[in-house]
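Observations on the model geometry
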Amino acid sequence: MARNIAVDLSAFQATGLETCFHDRHINPQIYAGLNGRNWRLADYEARGGYQALRKILGKDGGEGMTPDQVIAEVKASGLRGRGGAGFPTGLKWSFMPRALPVQKYLVCNSDEGEPGTCKDRDILRYNPHIVIEGMIIAAYAMGISVGYNYIHGEIFEIYQRFEEALEEARAAGYLGNNILGSSHSFQLHAHHGFGAYICGEETALIESIEGKKGQPRFKPPFPASFGVYGKPTTINNTETFGAVPWIIRNGGPAYLECGKPNNGGTKIFSMVGDVERPGNYEIPMGTSFAQLLELAGGVKGGKKLKAVIPGGSSSPVLPAHVIMDCTMDYDSIAKAGSMLGSGAVIVMDETRCMVKSLLRLSYFYAHESCGQCTPCREGTGWLYKMVERIEHGQGRADDLALLDNVAENIMGRTICALGDAAAMPVRGMLKHFRDEFVHHIEHKTCMVPAYI
Amino acid sequence: MVEIELDGKKVQVAAGSMVMHAAEQAGSYIPHFCYHKKLSIAANCRMCLVEVEKAPKPMPACATPVTQGMIVRTKSDKAIKAQQSVMEFLLINHPLDCPICDQGGECQLQDLAVGYGKSSSRYEEEKRVVFAKEVGPLISMQEMSRCIQCTRCVRFGQEIAGRMELGMVNRGEHSEITTFLNGTVDSELSGNMIDICPVGALTSKPFRYNARTWELSRRKSVSPHDSTGANLIVQVKNHQVLRVVPLENDDVNECWIADRDRFSYEALNSDARLTTPMLKQGGQWKAVDWNTALDYVAKALKGIVGQQGPAAVGALASATSTNEELFLLGELVRGLGSDNIDHRLRHADFRQEAGAVRWLGTPIANLSKVDRALVVGSFLRKDHPLFAQRLRQAARHGAQILRIGSAGDDWLMPIAASVATAPSLWATALIEVAAAVATAKGVTAPLAVTPGAQAQAIADALLSGQNTAVLLGNAAAAHPQAAELLAVANWIATQCGASVGYFGEAGNSVGAQLVKAQPQQGGLDAGAMLAQPRKAVLLFNTEPLLDSADAAQAAKALAAADLVVSFSPFSANVEQAHVMLPIAPFTETGGSFVNAEGRLQSFHGVVRPLGETRPGWKVLRVLGNLLGLPGFAQESVEEVRAQAIGSADGIAARLSNATRVSPQGGVAQVELQRVADVAIYGSDSIVRRAPSLQQTADGRAVQVALPASLWGRLGLAEGDSVNVTQGGETVKLPAVLDAGLAEGTVRIPTGVAATAKLGALFGAVNVVRA
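Reference entry: report on the structure contained in this document. All residue numbers here refer to positions counted from 1 along the written sequence of the relevant chain. Both sets of labels track the order of writing: A upward for chains, 1 upward for ligands. Owing to the predicted nature of the model, reporting of local features is limited to residues with pLDDT of at least 70; listing and counting of side-chain atom pairs is limited to 80 or more, with chain, interface and lining totals taken over all residues. As a convention, hydrogens and water are excluded, and side-chain values are obtained from all of the structure's heavy atoms.

Counting its regular elements, chain A contains 18 helices and eleven strands. Taking 452 residues into account, the globule formula puts the C-alpha radius of gyration at 22 Å, and chain A, at 22 Å, falls close to it. The buried share among the 452 residues of chain A stands at 61%. Taking contacts inside chain A between residues at least 6 apart in sequence as the whole, the part at least 24 apart equals 70%. Helix and strand assignments follow DSSP, with helices taken as H or I runs no shorter than four residues and strands as E runs no shorter than two, numbered in order from the N terminus. For a compact globule the rule gives 2.2 Å times the number of residues to the power 0.38, and the radius of gyration it is set against comes from C-alpha atoms. Throughout this description, buried means an accessible area under 20% of the type-specific maximum (1.4 Å probe, protein chains only), exposed means over 50%, and partly exposed covers the range between. The contact criterion used throughout is that any non-hydrogen atoms of two residues lie within 4.5 Å.

This is how it looks when you write it as structure tokens:
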């Protein structure tokens with residue numbers, strides 16, 4: 001029996017062939033040159049790995065870079081947080097009270113839990129050293145000596161691989177005391193979670209690292225002043241750290257030029273849903289959605305595009321005609337009324353029922369709410385129960401107004417962003433596909449044909 | 001200071017304060033549930049959302065720090081809308097069972113729902129059901145669907161009680177408060193969780209369904225059970241005490257009381273009460289009226305004084321009695337020509353400077369503020385739950401708590417340095433600390449000894465403190481070398497600039513000294529009265545077999561007496577007494593206590609005396625009249641108090657822990673020494689008879705604790721019992737391993753019936769496997 005399960009599971013093991021080694025990236029930086037076998041230190045060094053680290057430490061024959069110069073370079077690159085919020089990375093790094101004589105921590109958020117997102121998994125699996133190098137550089141820039149990479153529990157084998165990569169880096173002198181003979185010392189540890197979505201929220205992640213139940217803290221104080229064990233902490237996403245070595249090697253302005261103003265560099269999008277070739281696509285910021293959809297082989301089965309959730313499940317849905325005019329960068333998507341988020345692009349074709357789609361999302365948020373604060377704990381369950389009623393033909397005429405109002409009442413009143421994340425899809429769906437909901441309520445049935 | 005504008009008013013608050021604090025200061029009420037001034041901030045209920053100018057979203061007042069010039073509106077449209085929406089969320093899954101809910105009428109959720117809720121709900125889905133939990137005899141968790149997940153009880157456990165006994169498991173809507181693996185809540189402060197629960201999720205099990213809150217009259221009182229003098233609100237209906245809750249007093253008990261203070265009232269309504277005077281005739285108890293009983297006592301006393309002389313009369317009193325009672329008892333004994341009166345039944349060393357009233361040495365409130373505290377010979381958590389709580393708060397803010405004692409019992413606070421040794425060596429441990437202090441200060445040590453590592457660490461800590469206290473516990477007070485312990489403590493305290501004092505044993509231990517309930521002119525102390533049995537013994541609120549330093553000796557002494565009169569609210573000393581007189585407990589008489597810090601606190605009776613019960617001071621007054629003694633003409637309890645204490649302002653000058661005894665080390669160790677802790681729910685006559693307290697883990701656990709070496713030597717296994725022999729008596733008790741207990745000691749509780757035959761609290765003892 002046990003063996004059968006193992007066999008069954010192995011059928012689902014991603015090989016990366018579909019998600020990442022398809023050669024349809026555009027000017028990739030993080031995914032460049034990967035084939036699934038070349039993740040080890042030697043391979044990474046052969047791709048130019050750890051050159052950025054040597055550069056800042058002055059071990060490449062140059063004069064090295066000061067921490068301020070590193071931060072300035074990152075600021076110049078226009079790199080913005082790849083975890084979803086898009087906060088300028090260089091600015092975040094400059095918040096760290098570098099001179100404060102206390103233990104400071106650097107944390108990598110690899111708790112990639114946003115439904116639809118699978119980009120960080122592929123980075124850690126196929127190019128773990130790029131994240132390690134990025135973290136060492138960040139630690140140097142902020143004067144930090146200890147770091148954690150928090151990897152979510154569902155991808156345990158990737159946690160194990162990362163541990164292996166850490167061992168390689170330590171053995172090669174890239175991690176530990178006096179890195180490459182410099183005065184920079186940095187200890188990096190991998191830490192795995194147990195599968196709670198909320199642990200992707202940075203302060204819940206910190207609590208989890210400390211061994212507590214993963215529940216967000218209220219802010220202020222922010223992690224920059226009160227983070228891991230109450231000490232100054234900087235948290236960035238895996239992809240953000242992954243972008244750093246390229247920036248250092250090629251300079252901030254070069255990175256900015258890859259994308260568009262205020263939206264530097266490349267970004268990895270997880271194309272999921274009704275597309276021919278789902279997978280991760282690394283493309284320059286500002287590439288049009290139409291081109292991205294084309295890379296992914298277009299809508300599955302040649303069907304008509306109905307809607308896209310452009311930035312992971314918590315971003316509001318955009319109907320086809322809106323998204324087709326968008327370019328894939330923070331500003332353009334925000335202007336269209338949604339968010340670039342973590343980069344999970346959920347594509348839905350004309351056969352998708354929006355009520356049922358929302359039901360799945362609402363279930364997810366009700367299930368993942370940590371239960372700490374009232375509006376989210378109570379509100380997410382309420383939303384889910386109402387959407388479920390509507391989906392099952394028990395909707396009432398005033399449900400839509402109530403649904404919208406409950407979502408409105410959750411928004412902006414919770415400790416963390418999960419409340420907003422649960423509310424925004426509801427409001428987005430009601431805004432763009434209200435007629436489908438009305439149809440469900442009035443006719444007790446779906447507008448689109450039943451799924452096959 | 002920072003100035004902010006709150007609802008149009010300028011408010012000056014300390015930098016780092018939250019908006020909530022500013023509102024409290026400005027007298028502006030912001031609705032809240034999870035915020036509690038004594039607990040850490042959780043900001044999870046979201047009820048206190050207010051509008052802060054320039055902030056895009058409403059901000060929680062409890063967790064938003066003030067900034068200079070901040071403009072806050074707590075009642076603007078934006079704030080009210082946010083608060084109303086939170087209230088709606090809180091109510092959607094809350095059961096509509098207010099009519100049968102114990103919290104109804106005093107429920108924060110109910111009250112705020114009136115202000116912020118709607119008259120009907122928009123929520124028409126199924127409500128959440130949370131299953132009941134069984135957590136022990138004190139707290140009812142039968143209706144956990146009412147819980148609003150504010151986590152006050154969780155934070156109380158973590159921060160105030162010192163152990164996280166309740167926690168929140170699961171996520172989202174399925175979050176629920178529960179104990180770890182269905183355990184019980186065993187904290188000695190657990191009842192406070194009932195008070196701080198803003199809804200009817202945690203309710204009082206003994207009080208459940210006994211009355212509606214609006215039917216209860218609320219009256220102030222003071223707890224007699226420990227020396228804190230916790231202020232109480234006693235809630236009564238139909239002349240019965242139905243509930244006790246804390247009366248907030250930041251200088252004394254803050255907003256907390258111990259479970260002992262809260263649930264002891266059950267004894268006052270129990271069958272154990274004595275409701276009429278009783279005389280023993282031919283070995284049978286007969287109910288009589290007061291005249292008969294008092295005539296009998298007066299005649300018997302006169303007869304004994306006439307035949308044997310006044311010194312044949314002795315009085316033993318509990319310091320849970322009021323000043324007025326103890327004063328009149330002293331007047332009575334002295335009026336008969338005797339000076340044999342004492343309240344220090346558990347003591348073994350009675351050396352005390354004349355007129356010096358021993359006390360805490362520092363204000364109670366300062367216990368929360370000390371940065372160093374050396375606690376000597378104390379079962380701190382069980383003897384003084386609220387003082388322990390204060391020291392815990394000090395420790396949370398960085399104070400170093402140091403201790404010298406025998407047991408490794410967990411005080412639920414970090415202990416910076418500790419010496420665990422047999423009681424006979426406590427003085428030696430203190431002498432070592434003194435020697436280490438002397439070396440550091442370059443002065444002559446009381447005794448030249450080489451300090452051990454822990455003694456050195458204690459000395460180093462004491463010397464580095466700014467606000468330091470040396471505190472002697474109940475075991476140090478009852479110790480055969482109590483005076484030497486005090487002498488060394490005084491020496492150390494003088495060198496370290498520390499205060500020195502006794503925690504104090506009962507609610508009126510300081511008052512008993514003030515009103516001279518101990519020998520003044522060479523009379524016999526409690527120890528001498530038991531060693532040299534008296535012919536007539538007056539027992540006032542005490543049961544010597546449970547309250548004495550040597551129970552076996554007490555039993556013999558009482559058996560040798562011709563007249564034993566038991567003044568007690570209960571049928572107490574039934575075997576030993578010849579007369580039982582029902583006197584009022586603290587709830588049924590006016591009186592006063594002086595607590596450990598010398599604070600005189602008076603109170604009125606809150607219900608009328610049960611049956612034929614009479615206030616003790618009145619009984620003594622009538623007895624004084626019957627005996628024809630002068631000075632028994634008082635008309636009121638206030639008049640007695642004026643004679644007993646004089647002015648409250650004069651108390652401070654009489655407090656002193658000075659001693660002329662010179663510092664000494666320990667005496668030779670016996671092979672196996674008993675360490676007796678007073679069982680928390682065996683400390684006085686009232687708590688002994690409180691059924692719910694007796695059912696708690698602390699109440700049920702009468703066991704002998706053995707150190708690891710002895711445990712191994714006796715070949716004991718979990719669940720085994722041992723035979724304990726002391727004072728010529730052997731009792732069989734369950735044994736338990738206590739790895740922290742000092743070598744050469746056995747911990748055997750006192751104050752409980754199971755050990756009431758044994759001998760001295762710190763005497764030699766023999767233990768074999770049963």
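Take the layout of surface pockets next. Residues and elements named next belong to chain B. Note on definitions: the grid is 1 Å and covers protein atoms alone; a cavity is a set of points where a 1.4 Å probe fits but cannot get out; a pocket is an open set with protein on both sides within 12 Å along at least five of seven lines; lining residues have an atom within 4 Å of a point. Grid points are joined across faces, edges and corners, and a volume is the space filled by probe spheres set on the points. Considered as a void within the structure, the second largest pocket measures approximately 1000 Å³ in volume. When residues of the lining of the second largest pocket are traced back to their parent elements, those giving at least two are α4 (152-161) and β8 (166-169). Residue polarity is assigned by list, with Asp, Glu, Lys and Arg as charged and Ala, Val, Leu, Ile, Met, Phe, Trp, Tyr, Cys and Pro as nonpolar; anything else, Gly included, falls into the polar class. Tallied by class, the residues present in the lining of the second largest pocket amount to eleven nonpolar, nine polar and eight charged.

Our next topic: the packing of helix α16 (residues 374-391) of chain A against helix α18 (residues 418-443) of chain A. All names here are of chain A. For the pair α16 and α18, interaxial distance at closest approach is 12 Å and the crossing angle is 20°. When the interaxial angle is binned, α16 and α18 end up roughly parallel. Note that α16 runs across α18; the crossing there is left-handed. Residues Cys376, Thr380, Leu383, Ile390 and Glu391 of α16 form the contact with α18, whose participating residues are Leu418, Gly419, Ala422, Val426, Phe437, His440 and Ile441. The axes are straight lines fitted to the C-alpha atoms, using for helices just the contacting stretch, and the angles between their N-to-C directions are given from 0 to 180°. Angle categories: roughly parallel below 35 degrees, roughly antiparallel above 145, roughly perpendicular from 65 to 115, and oblique for all the rest. Crossing handedness: left-handed means the near helix sits turned counterclockwise from the far one by under a right angle, and right-handed means the same turn made clockwise.

Pairing of side chains with opposite charge becomes possible as their charged atoms draw close. Salt bridge, as used here: a side-chain nitrogen of Lys or Arg that lies within 4 Å of a carboxyl oxygen of Asp or Glu. Enumeration over the complete set of coordinates arrives at 69 salt bridges over all chains. In the salt-bridge network here, residues are joined through shared partners; they are Arg82, Lys119, Asp120, Glu239 and Lys267 of chain A.

This part is about the side chain of Asn409 of chain A. One can find Asn409 of chain A in helix α17 (residues 399-410). The class of Asn409 of chain A is buried, set by a relative accessible area of 7%. Excluding residues within four positions of it along the chain, Asn409 of chain A makes contact with Pro375 of chain A together with Ser85, Glu88, Phe89 and Arg122 of chain B.

Residue and element names in this part refer to chain B. Those residues of helix α20 (residues 616-626) lying buried are Gly616, Trp617, Val619, Leu620, Leu623 and Gly624. Viewed end-on, α20 has its buried residues packed into an arc of 160°, placing them on one side of the element. Those residues of α20 that are buried lie in contact with α8 (290-308), α9 (323-335), β23 (536-540), β24 (563-568), β25 (579-582) and α21 (637-645). Immediately downstream of α20, the backbone of Gly628 shows phi near 70°, a positive value. Directions drawn from the helix axis to the C-beta atoms are what define this arc.

This brings us to a nonpolar patch on the surface. Residues and elements named next belong to chain A. Only residues whose relative accessible area exceeds 30% and that take part in no salt bridge are eligible for patches, with like-charged residues grouped when within 9 Å of each other and nonpolar side chains (Val, Leu, Ile, Met, Phe, Trp, Tyr) grouped when within 5 Å. Under the convention used here, a 1.4 Å probe and the Shrake-Rupley method define accessible areas, while residue burial counts only the protein chains that appear. A grouping of Phe87, Leu91 and Phe95 is seen on the molecular surface, where their side chains present a nonpolar patch of about 270 Å² in accessible area. Within the secondary structure, Leu91 is located in helix α5 (residues 89-95). Taking relative accessible area as the criterion, Leu91 reaches 34% and is therefore assigned partly exposed.

Take empty space enclosed by the protein next. Residues and elements named next belong to chain B. By the definition in use, this model includes ten cavities of 30 Å³ or more. When its volume is computed, the largest cavity comes out at roughly 380 Å³. Around the largest cavity, the lining is made up of 29 residues, and of these Arg346, Glu505, Ala506, Val678 and Ser683 lie nearest the centre. Broken down by class, the residue content of the lining of the largest cavity amounts to eleven nonpolar, nine polar and nine charged.

To continue, consider the packing of α4 of chain B against helix α11 (residues 385-396) of chain B. Residues and elements named next belong to chain B. Two elements in contact, α4 and α11, have axes separated by 9 Å at closest approach and are oriented at 85°. The orientation of α4 relative to α11 falls into the category roughly perpendicular. Listed contacts from α11 to Glu159, Ile160 and Ala161 of α4 are Gln389, Arg392, Gln393 and Arg396. For the contact of α4 with α11, the residue count by class is two nonpolar, two polar and three charged.

Time to look at the interface of chain B and chain A. At the junction of the two partners, chain B supplies 35 residues and chain A supplies 35 residues. Note on terms: buried area is the combined drop in 1.4 Å-probe accessible area of two parts once they are placed together, counting the loss on both. Buried surface at the junction of chain B and chain A, summed over both partners, amounts to about 2900 Å²; 52% is from carbon and sulfur atoms. At the boundary of chain B with chain A, the tally comes to six salt bridges. The shortest N-O distance in the salt bridge between Arg128 of chain B and Glu378 of chain A comes to 3.1 Å. The term polar contact refers here to a pair of N or O atoms within 3.5 Å; inside protein, the definition further demands a hydrogen-donor-capable atom paired with an acceptor-capable atom, and it admits residues adjacent in sequence only when both atoms are side-chain atoms. Where chain B touches chain A, the interface holds 21 residue pairs in polar contact (both at pLDDT 80 or more). Where the side of chain B that touches chain A is concerned, the elements lending two or more residues are α2 (77-92) and β8 of chain B. Take the side of chain B that touches chain A: its biggest share by element is eight residues, from α2 of chain B. The residue inventory of the side of chain B that touches chain A, partitioned by class, reads 17 nonpolar, seven polar and eleven charged.

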